[in-house]
Amino acid sequence: MTILIAEDDPVAARILQITLERLGHQLIVTRSGSEAWAAFDRDLPRTIVSDWMMPGIDGLELCRKVRARKNTPYTYFILLTALDTSAENYSLATNAGVDDFLSKPLHHARIEMRLRVAERILWFTRQMQTLAELIPICGWCHKVRDDNDYWERVETYIGKRTGATFTHGLCPECFAREMANLDSPQPVTAS
């Protein structure tokens, strides 16, 4: 799994980096919230482990920016803090969109367990996305069923969702078949 680390303390960043590398993860290591946001916006890693208190963009603001980015696959966000893990801090983290909240000093077994949870949740989100992308289409008339159980032409369905417009013509196979039908003698029926 590729993990974005956002940690401004060089010692804490190094410990986190070594821990995650030993667990077999690929890392993008950043030293500030601003640097982490730029790396996220560029690379779209699916997991972030961020310190809470950083200059500029802190961990909560980074999480809010990740959650607000349009057309972005779900990202699992783990917040690390040396602050008191009070109910108020849990509430602040949850309201910002944080998935998991770990206290410093970092414990190897806890981060490993949280990353296993992250992998499972990200797997399930990919499955849900796949199901959401399936378009029910009639095998006979090729109409598509929308979310309100209404069947409409493929062109209408796609046009509503993308703004695309269509022109119609014949593909080479259909053209050849229709030409063959025109060239073959038609049966004469007596009236």
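The rules behind these values
- Residues numbered from 1 in each chain as written.
- Predicted model: local features only at pLDDT ≥ 70, side-chain atom pairs only at ≥ 80, totals over all residues.
- Heavy atoms only, no water.
- Helix = DSSP H or I, 4+ residues; strand = E, 2+ residues; numbered from the N terminus.
- Polar contact = N/O pair within 3.5 Å; in protein donor to acceptor, adjacent residues only side chain to side chain.
- Contact = heavy atoms within 4.5 Å.
- Buried < 20%, exposed > 50% of the residue type's maximum accessible area, 1.4 Å probe, protein only.
- Pairing = 2+ DSSP bridges.
- Right-handed = clockwise from strand over helix to strand, strands pointing away.
- Axes fitted to C-alpha atoms, helices over the stretch in contact; angles between N-to-C directions.
- Parallel < 35°, antiparallel > 145°, perpendicular 65-115°, else oblique.
- Nonpolar A, V, L, I, M, F, W, Y, C, P; charged D, E, K, R; others polar.
- Expected span 1.5 Å × (residues − 1).
- Arc of directions from axis to C-beta.

Draft legend 1. Broad picture of the side chain of Asp146. Structurally, the position occupied by Asp146 is in the loop between β6 (144-145) and β7 (151-152). At a separation of 2.9 Å, a polar atom in the side chain of Asp146 contacts the main-chain amide nitrogen of Tyr150. Filtering out sequence-adjacent residues up to four positions away, Asp146 remains in contact with Glu152, Tyr157 and Arg161.

Draft legend 2. Summary view of the pairing of strand β3 (residues 47-51). Among the five residues of β3, five are classified as buried, and the element is accordingly described as predominantly covered. The alternating pattern of β3 places Thr47, Val49 and Asp51 and Ile48 and Ser50 on opposite faces, both of which are buried. In this structure, β3 lies alongside strand β4 (residues 76-81), joined through five bridges in parallel fashion. The partner of Ser50 across the bridge, within β4, is Leu79. Read from β3 through helix α3 (residues 59-68) to β4, the crossover connection turns out right-handed.

Draft legend 3. Representation of the sheet that holds strand β5 (residues 100-103). Ordered by their spatial adjacency, five strands build an open sheet running β2-β1-β3-β4-β5, and the pairing between neighbours is parallel. Two strands close off the open sheet at either side, each with one partner strand: β2 (26-30) and β5. The average undirected angle you get between the axes of adjacent strands in this sheet is 20 degrees. The strands touched by α3 are β1 (2-6), β3 and β4; relative to β4, the strand with the most contacts, the crossing angle is about 175 degrees.

Draft legend 4. A look at the packing of α3 against helix α4 (residues 87-96). Relative to each other, α3 and α4 sit at 25 degrees, their axes nearing to 8 Å. With respect to their mutual orientation, α3 and α4 come out roughly parallel. Residues Leu60, Cys63, Arg64 and Arg67 of α3 touch α4, and the partners they reach there are Leu92, Ala93 and Ala96. Here the residues of the contact of α3 with α4 are counted per class, giving five nonpolar, no polar and two charged.

Draft legend 5. Region of the structure containing helix α1 (residues 10-22). If you check α1, its first and last C-alpha atoms are 18 Å apart, about what 13 residues at 1.5 Å a residue would give, namely 18 Å. Along α1, the positions that sit buried rather than exposed are Ala13, Leu16, Gln17, Thr19 and Leu20. Each buried residue of α1 lies within a common arc of 165 degrees when the element is viewed along its axis, so the set occupies one face. For α1, the exposed residues set more than 90 degrees away from the buried face come down to Pro10, Val11 and Arg22.

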